[in-house]
Amino acid sequence: QELALKSLGNEGLFLFSSLDTNKDLYLSPEEFKPIAEKLTGVAPASESEEEETLDPDGETLSIVAKFQPLVMETMTKSKDGFLGISHVALSGLRNWTAPAAPMSVLLARQFKAFLPPKNNLDLGDPWWIIPSELNIFTGYLSNNRFYPPPPKGKEVLIHKLLSMFHPRPFVKTRFAPQGAVACIQASSSFYYTIAFRIHAEFQLNEPPNFPFWFSPGQFTGYIVLSKDSSHVRDFRLFVPNNRSLNVDMEWLYGASESSNMEVDIGYLPQMELESTGPSVPSVIHDENGQVLESRDPSGEPIHFVFEEITWQQEIPWQEAAHRLEVAMYPFKKVSYLPFTEAFERAQAEKKLVHSILLWVKPPVPLPAPGSGRTLRETVLESSPILALLNESFISSWSLVKELEELQSNRENEFYSKLAKLHLEKYNFPVEMIICLPNGTVIHHINANYFLDITSMKPEDVESSIFSFSTNFEDPSTATYLQFLKEGLQRAKPYLQP
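What you are looking at is a predicted structure, and each value in this text was computed from that prediction instead of being measured.

A.B. asks: A description of the overall build of the protein should follow, citing residues and the corresponding values.
C.D. replies: When helices and strands are counted, the protein shows 13 helices and 22 strands. Out of the 497 residues in the protein, the part that is buried amounts to 52%. Partitioning the intrachain contacts of the protein with sequence separation of at least 6 by distance along the chain shows that 71% fall at a separation of at least 24. Here the protein displays about 23,900 Å² of accessible surface, and carbon together with sulfur accounts for 52% of that area.

A.B. asks: Outline the confidence of the model for the protein, supporting the account with residue identities and numerical values.
C.D. replies: Counting all residues, the mean pLDDT for the protein is 84, and 79% of those residues have values of 70 or more. Under a pLDDT of 50 for its full length, residues 463-470 has, in the predicted model, 22 contacts with residues more than four places off or in other chains.

A.B. asks: I'd love a proper account of the layout of surface pockets, names of residues and values included.
C.D. replies: As a volume, the second largest pocket reaches approximately 1,300 Å³. Mapped by element, the contributors of at least two residues to the lining of the second largest pocket are β10 (232-238), β13 (270-275), α6 (317-328), β18 (336-337), α7 (339-349), β20 (393-399) and α10 (400-408). Ranked by residue count, the leading element in the lining of the second largest pocket is α6, at six residues. Taken together, the residues that form the lining of the second largest pocket break down as 21 nonpolar, twelve polar and nine charged.

A.B. asks: Report on the environment of T479, specifying residues and quantitative values.
C.D. replies: Position of T479 among the secondary structure elements: in helix α13 (residues 475-495). C-alpha of T479 to C-alpha of F450: the two residues are 29 residues apart in sequence and 8.1 Å apart in space.

A.B. asks: Account for the packing of helix α9 (residues 383-392) against α13, naming residues and giving values.
C.D. replies: Contact geometry of α9 with α13 gives a least axis separation of 10 Å together with a crossing angle of 15°. Accordingly, the angle class assigned to the pair α9 and α13 is roughly parallel. When you trace α9 past α13, the crossing you get is left-handed. Here P384, I385, L388, L389 and S392 of α9 come into contact with α13, specifically with T477, Y480, L481, L484, K485 and L488. Split into classes, the residues belonging to the contact of α9 with α13 amount to eight nonpolar, two polar and one charged.

A.B. asks: Any details on the pairing of strand β9 (residues 219-226)? Residues and values, ideally.
C.D. replies: Of all the eight residues making up β9, seven are buried; the element is thus mostly covered by neighbouring parts of the structure. Pairing of strand β6 (residues 191-199) with β9 involves eight bridges; the strand directions are antiparallel. Looking at the pairing, F196 lines up with G221 of β9. Here six bridges tie β9 to β10, and the two strands are oriented antiparallel to one another. Paired with T220 across the strands is F238, a residue of β10. Here β9 folds back onto β10, and the loop between the two strands holds five residues, one of which, S229, carries a positive phi near 60°.

A.B. asks: Would you mind going over α13 in detail, with residue names and values included?
C.D. replies: For α13, which comprises 21 residues, the first-to-last C-alpha distance of 29 Å matches the rise-based estimate of 30 Å (1.5 Å per residue) to within 8%. Of all the bends in α13, the greatest reaches close to 25° and is centred on Q489; the proline P493 follows between one and four positions later. Within the sequence span of α13, burial applies to S476, T477, A478, T479, Y480, L481, F483, L484, G487 and A491. Summarising the contacts, the buried residues of α13 are in contact with β19 (352-358), α9, β20, β21 (430-435), β22 (441-446) and α12 (447-454).

A.B. asks: Before we move on, could you go through unusual backbone geometry and cite the residues and values that matter?
C.D. replies: Note the cis peptide between P207 and P208, where omega equals 10°. With respect to the helices and strands, the residue P208 is situated in the loop between β7 (201-203) and β8 (212-216). Along the chain, F428 connects to P429 via a cis peptide bond; the corresponding omega equals 0°. As for its placement among the helices and strands, P429 is situated in the loop between α11 (413-425) and β21. For F82, which is not a glycine, the phi torsion comes out positive at approximately 55°. Mapped onto the elements of the fold, F82 is located in the loop between β1 (59-68) and α4 (91-94). You can call F82 buried: its relative accessible area is 13%. Residue K350 is not a glycine yet carries a positive backbone phi of 55°. Tracing the sequence through the fold places K350 in the loop between α7 and β19.

Cut-offs applied
- Chains are numbered independently. Their residues run from 1 in the order of the written sequence.
- Local features in this predicted model are restricted to residues whose pLDDT is 70 or higher, and side-chain atom pairs enter the listing and the counts only when it is 80 or higher, whereas totals over whole chains, interfaces and linings include all residues.
- As a rule here, side-chain values come from all non-hydrogen atoms in the structure, and water together with hydrogens is ignored.
- A helix here means a DSSP run of H or I that spans at least four residues, while a strand means a run of E at least two residues long, and both kinds are numbered starting from the N terminus.
- Burial status follows relative accessibility: with a 1.4 Å probe on protein chains alone, a residue under 20% of its type maximum counts as buried, one over 50% as exposed, and anything between as partly exposed.
- Any two residues whose heavy atoms approach within 4.5 Å at even a single point are treated as in contact.
- Each accessible area is a Shrake-Rupley result for a 1.4 Å probe, and residues are judged covered by the shown protein chains and nothing else.
- The quantity called pLDDT is the predictor's confidence in a given residue, expressed from 0 to 100.
- In this analysis, the protein atoms alone were mapped onto a 1 Å grid. Cavities are point sets where a 1.4 Å probe fits without being able to get out; pockets are open sets with protein on both sides within 12 Å along at least five of seven lines; lining residues have an atom within 4 Å of a point.
- Grid points are joined across faces, edges and corners, and a volume is the space filled by probe spheres set on the points.
- Throughout, the ten residues Ala, Val, Leu, Ile, Met, Phe, Trp, Tyr, Cys and Pro are labelled nonpolar, Asp, Glu, Lys and Arg are labelled charged, and all others, Gly among them, are labelled polar.
- Note on definitions: angles span 0 to 180 degrees between N-to-C directions of axes, and those axes are lines fitted to C-alpha atoms, for helices only across the stretch in contact.
- An angle below 35 degrees is read as roughly parallel, one above 145 as roughly antiparallel, one from 65 to 115 as roughly perpendicular, and any other as oblique.
- Note on convention: near helix rotated counterclockwise from far helix by under a right angle means a left-handed crossing. Clockwise means right-handed.
- Paired strands, as defined in this entry, are two strands with at least two bridges between them according to DSSP.
- Multiplying one less than the number of residues by 1.5 Å gives the expected span of a helix.
- A residue's bend is the angle separating two fitted axes: one through the seven residues that end there, the other through the seven that start there.

Below, the structure is given as structure tokens:
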């Protein structure tokens, strides 16, 4: 390592390390491939085993990409004119103004990656297309990477689709939950509607610049395809744009994994793939195997009339989407409502509001240990916490920026006041808050403090506010349970009938 640093220098070793995926200080031909492709400008055809077995005369599906770039003004660092941020650091983001491939034609059978693993699955039962390999114990993948690893198996199709947006998609995010999950939304005799959710991200920079990670909150969508995957009736993949912020961004400032990292959030108006119509055969054979008609010389597809699909079983899109969300985030077995809706529900049901307020949404790590990611992968997934939250609380999960906007909106004074009461108690990075339906905060704890005291031995905890229970082996679960019970106790005088 010292010799490598002496020979290559800091930035040279940084680039070398980003390519040396197995960390053996040796670049194999496979590891050197991204640089070879960059230098020669030639990318070899995919050698996927799956593609080799596909029928070239099978049906083809035309897909268009729609993309509107990130609105730079929605980034928090735009408030001070990106002061102190080099233009080079954001160059990959600023230059990404259009999809890499506005249109692509794929074989219908490639979409068999979306088919369920077995035929007896109930509607809404999730399965993993690309399993998540990370959890709170495995940690996360390196930030110091520029080029995605070669996709394998079902990753190939997802990689190909996401490459229509940008040439460097990572089909597995650096942080859990990664991968892709799907469920059957509707079923007929010959067709499925499959709902899916994908957690993927893009690397926008290349050497000599430092990495810039662009992580949409999720990709979701649906596909209507035949049960033998020979025909695709409809396909759509998109990043939801119904919230004011839907993308996390991180970029490094130095040539090492421990270098300073900037974090920001922003709004992406549109990132979408959509089929132009059903898949169509490129060749038609008669009963004797003779070709009847093919595409005309201009490549225009043959025109067909398709039968109506009669669905025998179906669940609403919202239910399918929720099932996929819970598969990715088990803590969402508790419903986390939008901020204002949570207080309306709490008033109607005479319950307390359990609110989590954070600076950036959970898929991205924060430069402090008390991140929403840590919370959701530990205490918020535990059975005792899930049970108590479902029984006694209405839960909400909000971003600071959203509440700042709500506070400044004077059209609804009550909502503005609710946001103000929350923000008064907030400390970076995450604050857990218990409050009455009128917004009065009766208990709160910062995630950093919470993680600090739960990492200590019980006898070392001086504060009697959060005492450890012997009923649970996990101190974080015991402490969070105590936090919730303290809130219920303090609220009793206010919630008496």
